[in-house]
Amino acid sequence: MDIIATDALTKTFDGFTAVDHISFSVQKGEIFGFLGPNGAGKTTTIKMLTTLLTPTSGSATIAAYNIKTQRANVRENIGVVFQEPALETELTGRENLDFHARMYGLSKDQRLQRIEQVLTLVDLMDKKDVCVKFYSGGMKRRLEIARGLMHSPTVLFLDEPTLGLDAQTRRAIWEYIKHLNREEHTTIFLTTHYMDEADYLCDRIGIIDHGKILVIDTVDTLKKTVGNDVITLTCSDVQRFQQRLAAEPWITNVKQHTSSLTFGVESGEEKIPVIFDIARATNVTISSVNVRRPTLDDVFLSYTGRSMREPDAEKTTSAAKKTRRLFRWGKKQ
Amino acid sequence: MGEETVSHKELQAIYVMWLRQMKRFVRAKSRVVSTIVEPLFFLFILGFGFNIATFPGMEGSYLYFLSPGIIAMAILFSSMFTGVSVLWDRQFGFLQEVLVAPISRLSIVIGRTLGGATVALFQGSLILVIALALGLPIVNVGNIILTVVIMVELSFTAVGFGLIIASKMQDFEGFMSIMNLILMPLLFLSSAFFPISESLPVWLRTLSFANPLFYMIDGIRGSLTGMNNVLDPLVDLAIITFLCVTVMGLGSYLFNKSEA
């Protein structure tokens, strides 16, 4: 059964198309991830699916309820963890959960039971009576995940769940997410711009860039499309060598960068001597070579032609995103 | 049955929105102190400072004239603060948590208004009690009910006004300057500090009569002390009720729209 199904979902802000006719579906019990750089349209998609923004065109259903016409039903079926913390810092952890539970109409017994359950799940039982303003970033995030689960939603939306957290906390949050997917059978839709996060957590991912979905598939299949091993090499005369290598049938996805080439091969270690022979024959000097298992970054690179880690792209897109958020919420950053 | 559970859910949401504001108010100690102390400064310093002054046609002492104005001022400041605290919630993201809940926007507005009104009424009542302790003469005990009704409506109107500003404002800086720009003239032209009498220039009197706050303060003054009021408190009440409904309606409408 499709828990989320979108049909040409689109959102434009003042002529700028943030989300451009995206169609995808998420099945029950799945962890589905949207992977893309900042400003790709991930948060806008989540805001439309969670009824906070009205789509410009297209539609979507959550648990078979339409996000435009059955907002109340949609809201009952979703839990959301926003990118920016959305906690009442003057209240304690327990009071935040109680507030949420009452907003969702849980009975007194349900409230007491669920608060204990979700706090145990995220290891915050001993901090439940501490004001949230004294929580660390990781604790706040865990509390928000617990809160998203309070009303046992059909699907939990996580917008960049580990943004700005340290490596240890990220790891812990990943474990919680996996755990609740297993234990509570919650379908999870998450967005991230971390490759390793999508790799570790998601059953399937959609790569999104400039508001469009480039590809949706399982992590393994996506990695296979770039080859079993990825070889990166730095050499002289990159362009000529690329043309030469592209002619070899056992080499896939040859991509040229300023002074290096990446491509996919089967059993990379054995292929290195062969590649050196070709280089010698074509008078190209190889100055460095690297063989590794493919990562989602390679997948992203092969679909977008650029790395997600390119700092310039990062800067401009996040600035664009800020401007858009200004439009959306009319707030000062 | 279905209807009943739905409305019960909305009531619980209204209650918890209210509860949250009570907890916030009690815990933000600096806010408690400043919002109580500030109107008291006005009451004591202006009240005793001008107590020997006489205005043409003014009955009783200046302190007694001033007290209803300060009660209204305390309620006005506190309620408007509640209305615009939507801006804070937006800034700190908490508004999103409220908006994705399966609760009608109207319940959110009602819960917030009741929360703000409770805090404001507590502050207004505190000034009232202090004024009574200072010997403020009252018409009769029953009339205090009318005073409280006007205080409630003043509070609702101010929350609604705050909501209107909040849904139009981008940031705090803009809000602060707008607050000063609007509140100061409103207060000075409201008869809170001096009587709006025949001897004043016509333009000033006209502006006063165009000032919604004037009717609120005149109503409190008339119902409470029965002195120095221009209109019958019941006439004031009718005008205030009309204003209250209009402003609250517009405030909720804009709040709804600004988040869609």
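Counting of residues starts from 1 at the beginning of each chain's written sequence and follows it residue by residue. Here the convention is simple: chains get letters from A, ligands get numbers from 1, in the order in which they are written. The predicted origin of the model limits local features to residues at a pLDDT of at least 70 and limits the giving and counting of side-chain atom pairs to 80 or more, whereas totals for whole chains, interfaces and linings rest on all residues.

Q: Describe the overall build of chain A, naming the residues involved and giving the relevant values.
A: When helices and strands are counted, chain A shows 12 helices and 15 strands. Counting only C-alpha atoms and orienting by the principal axes, one finds that chain A spans roughly 80 × 45 × 40 Å. Per-residue burial over chain A gives 44% buried out of 333 residues. For chain A, the share of sequence-separated contacts (at least 6 apart) that also reach a separation of at least 24 residues comes to 69%. Numbering goes from the N terminus for both helices and strands, where a helix is a DSSP run of H or I of at least four residues and a strand is a run of E of at least two. Three classes are used. A residue is buried when 20 or more other C-beta atoms lie within 10 Å of its own, exposed when 12 or fewer do, and partly exposed in between, with C-beta atoms placed from the backbone. The contact criterion used here is simple: two residues whose C-beta atoms, placed from the backbone, lie within 7 Å are in contact.

Q: Please set out the overall build of chain B residue by residue, giving values where relevant.
A: Along its length, chain B carries 10 helices and 0 strands. For chain B, the succession of helices and strands along the chain, N to C, is α-α-α-α-α-α-α-α-α-α. Radius of gyration here uses only the C-alpha atoms, and the compact-globule reference equals 2.2 Å multiplied by the residue count raised to the power 0.38. The C-alpha atoms of chain B give a radius of gyration of 19 Å, which matches the 18 Å a tight globule of 260 residues would have. Looking at chain B residue by residue over its 260 residues, the buried ones come to 45%.

Q: Go over the domain arrangement of chain A with me, naming the residues and quoting the values.
A: Where a domain begins and ends is set by an automatic assignment or by a domain database. With domains assigned, chain A is organised as domain 1 (2-219) and domain 2 (227-293). Between domain 1 of chain A and domain 2 of chain A, the C-alpha centre-to-centre distance is 41 Å.

Q: How would you summarise the interface of chain B and chain A if you had to cite specific residues and measurements?
A: Taken residue by residue, the interface counts 23 residues in chain B and 26 residues in chain A. In terms of residue count, helix α1 (residues 2-27) of chain B provides more of the side of chain B that touches chain A than any other element does, 8 residues in total. Residue type decides the class: Asp, Glu, Lys and Arg count as charged, Ala, Val, Leu, Ile, Met, Phe, Trp, Tyr, Cys and Pro as nonpolar, and the leftover types, Gly among them, as polar. Taken together, the residues that form the side of chain B that touches chain A break down as 10 nonpolar, 5 polar and 8 charged.

Q: Explain the packing of helix α3 (residues 62-91) of chain B against helix α6 (residues 143-168) of chain B residue by residue, including any values.
A: Residues and elements named next belong to chain B. Between N-to-C directions, angles span 0 to 180 degrees; the directions come from axes that are lines fitted to C-alpha atoms, helices contributing only their stretch in contact. Taken N-terminus to C-terminus, the directions of α3 and α6 make an angle of 35°; their axes are 7 Å apart at the nearest point. When you trace α3 past α6, the crossing you get is right-handed. Contact with α3, carried on its side by Ala72, Ile75, Leu76, Ser79, Met80, Thr82, Gly83, Val84, Val86 and Leu87, involves Met151, Leu154, Ser155, Ala158, Val159, Gly160, Phe161, Gly162, Leu163, Ile165 and Ala166 of α6 and no other residues of that element. Residue composition of the contact of α3 with α6, grouped by class: 15 nonpolar, 6 polar and no charged. By the definition used in this description, the sense in which the near helix is turned from the far one sets the handedness, with an anticlockwise turn below a right angle giving left-handed and a clockwise turn giving right-handed.

Q: Hey, could you go over the packing of helix α3 (residues 93-103) of chain A against helix α4 (residues 108-121) of chain A for me, with residue numbers and the actual values?
A: Residues and elements named next belong to chain A. Packing of α3 against α4 leaves a shortest axis separation of 10 Å and a crossing angle of 130°. The angle between α3 and α4 places the two elements in the oblique class. Crossing hand, α3 versus α4: right-handed. Taking contact as the criterion, the partners of Arg94, Leu97, Asp98 and Ala101 in α3 are, on α4, Arg111, Arg114, Ile115 and Val118. When its residues are assigned to classes, the contact of α3 with α4 shows 4 nonpolar, no polar and 4 charged. Orientation categories follow fixed angle ranges, with anything under 35 degrees roughly parallel, anything over 145 roughly antiparallel, 65 to 115 roughly perpendicular, and all other angles oblique.

Q: Can you explain the environment of Val100(B)? Please cite residues and give values.
A: With respect to the helices, strands and loops of the structure, Val100(B) is situated in the loop between α4 (94-99) and α5 (105-133). With 154 residues separating them in the primary sequence, Val100(B) and Leu254(B) have C-alpha atoms 18 Å apart. Beyond its immediate chain neighbours, meaning those up to four positions away, Val100(B) contacts Thr50(A), Thr51(A), Leu52(A), Arg75(A) and Val80(A).

Q: With reference to specific residues and values, describe the nonpolar core.
A: Definition of nonpolar core: a set of buried Ala, Val, Leu, Ile, Met, Phe, Trp, Tyr and Cys residues joined via C-beta atoms within 7 Å. Residues Ile62(A), Ala146(A), Phe157(A), Ala72(B), Ile75(B), Leu154(B) and Met216(B) are the most contacted members of the largest nonpolar core, which totals 153 residues. The greatest single-element share of this core, amounting to 16 residues, is contributed by α3(B). Counting contributing residues per domain, this core is built from domain 1 (2-219) and domain 2 (227-293) of chain A, each supplying no fewer than three.

Q: Pulling in residues and values, what's your account of the pairing of strand β8 (residues 155-159) of chain A?
A: All names here are of chain A. Most of β8 is tucked away, with 5 of its 5 residues classed as buried. Residues Val155, Phe157 and Asp159 line one face of β8 and the alternating positions Leu156 and Leu158 line the opposite face, and both faces are buried. Pairing between two strands is assigned when DSSP locates at least 2 bridges connecting them. Where strand β7 (residues 78-81) meets β8, 4 bridges bridge the pair, whose relative direction is parallel. Bridge pairing in β8 places Val81 opposite Leu158.

Q: Let's hear about the sheet that holds strand β12 (residues 229-235) of chain A: which residues, and what values?
A: Residue and element names in this part refer to chain A. In space, the 4 strands of this open sheet follow the order β13-β14-β12-β15, with antiparallel pairing throughout. This sheet does not close on itself; its edge strands, each paired only once, are β13 (252-256) and β15 (286-292). Here the average twist between neighbouring strands, direction ignored, is 15°. By the bridge criterion, 3 bridges tie β13 to strand β14 (residues 260-265) in an arrangement that is antiparallel. Across the sheet, Lys255 pairs through a bridge with Thr262, a residue of β14. Relative to β15, helix α10 (residues 268-281) is tilted by about 160°, and along the sheet it contacts β12, β14 and β15.

Q: Give me helix α5 (residues 137-149) of chain A: which residues, what numbers.
A: Turn by turn, an α-helix covers 3.6 residues, leaving residues three or four places apart pointing in a common direction. Residues and elements named next belong to chain A. Here α5 spans 19 Å end to end across 13 residues, near enough to the 18 Å set by a 1.5 Å rise per residue. The set of residues buried in α5 consists of Arg141, Arg142, Leu143, Glu144, Ile145, Ala146, Arg147, Gly148 and Leu149. For α5, the secondary structure elements touched by its buried residues are β7, α3, α4, β8 and α6 (167-183). By this rule the span expected of a helix is its residue count minus one, scaled by 1.5 Å.

Q: I'd like a description of the confidence of the model for chain A, backed by residues and values.
A: Detailed reading of predicted coordinates is not advised where the pLDDT is low. Confidence scores per residue from the predictor, reported as pLDDT, run from 0 to 100. The predicted model of chain A has a mean per-residue pLDDT of 85, with 92% of residues at 70 or higher. Note that pLDDT drops below 50 for residues 311-333 of chain A; the model gives that stretch 29 contacts with residues more than four away or on any other chain.

Q: Tell me what's going on with helix α2 (residues 29-49) of chain B, and back it up with residues and numbers.
A: Residues and elements named next belong to chain B. Here α2 contains 21 residues, and its C-alpha end-to-end distance of 29 Å stays within 8% of the 30 Å for a straight helix at 1.5 Å per residue. Among all positions of α2, only Thr35, Pro39, Leu43 and Gly47 are buried. All buried residues of α2 project into a common sector of 70° when viewed along the axis, lining one side. The exposed set on the far side of α2, more than 90 degrees from its buried face, consists of Lys29, Ser30, Val33, Ser34, Val37, Phe41, Ile45 and Gly49. Buried residues belonging to α2 abut α3 and α5. The arc in question is traced by the directions running from the helix axis to the C-beta atoms.

Q: An account of the sheet that holds strand β10 (residues 204-209) of chain A is requested, with residue identities and associated values reported.
A: Residues and elements named next belong to chain A. Reading across from one edge, β7-β8-β9-β4-β10-β11 is the order of the 6 strands in this open sheet, with mixed pairing throughout. The strands lining the two open edges of the sheet, one partner per strand, are β7 and β11 (212-218). Taking the axes of each pair of neighbouring strands and ignoring which way they run, one obtains an average angle of 15° across the sheet. For β8 and strand β9 (residues 187-192), the ladder comprises 5 bridges, and the chain directions are parallel. From the neighbouring strand, Asp159 faces β9, where its bridge partner is Thr191. Sitting on the sheet, α5 is in contact with β7 and β8, with an inclination near 170° to β7. Across the sheet, helix α11 (residues 296-304) is in contact with β4 (31-35), β10 and β11; its angle to β10 comes to roughly 45°.

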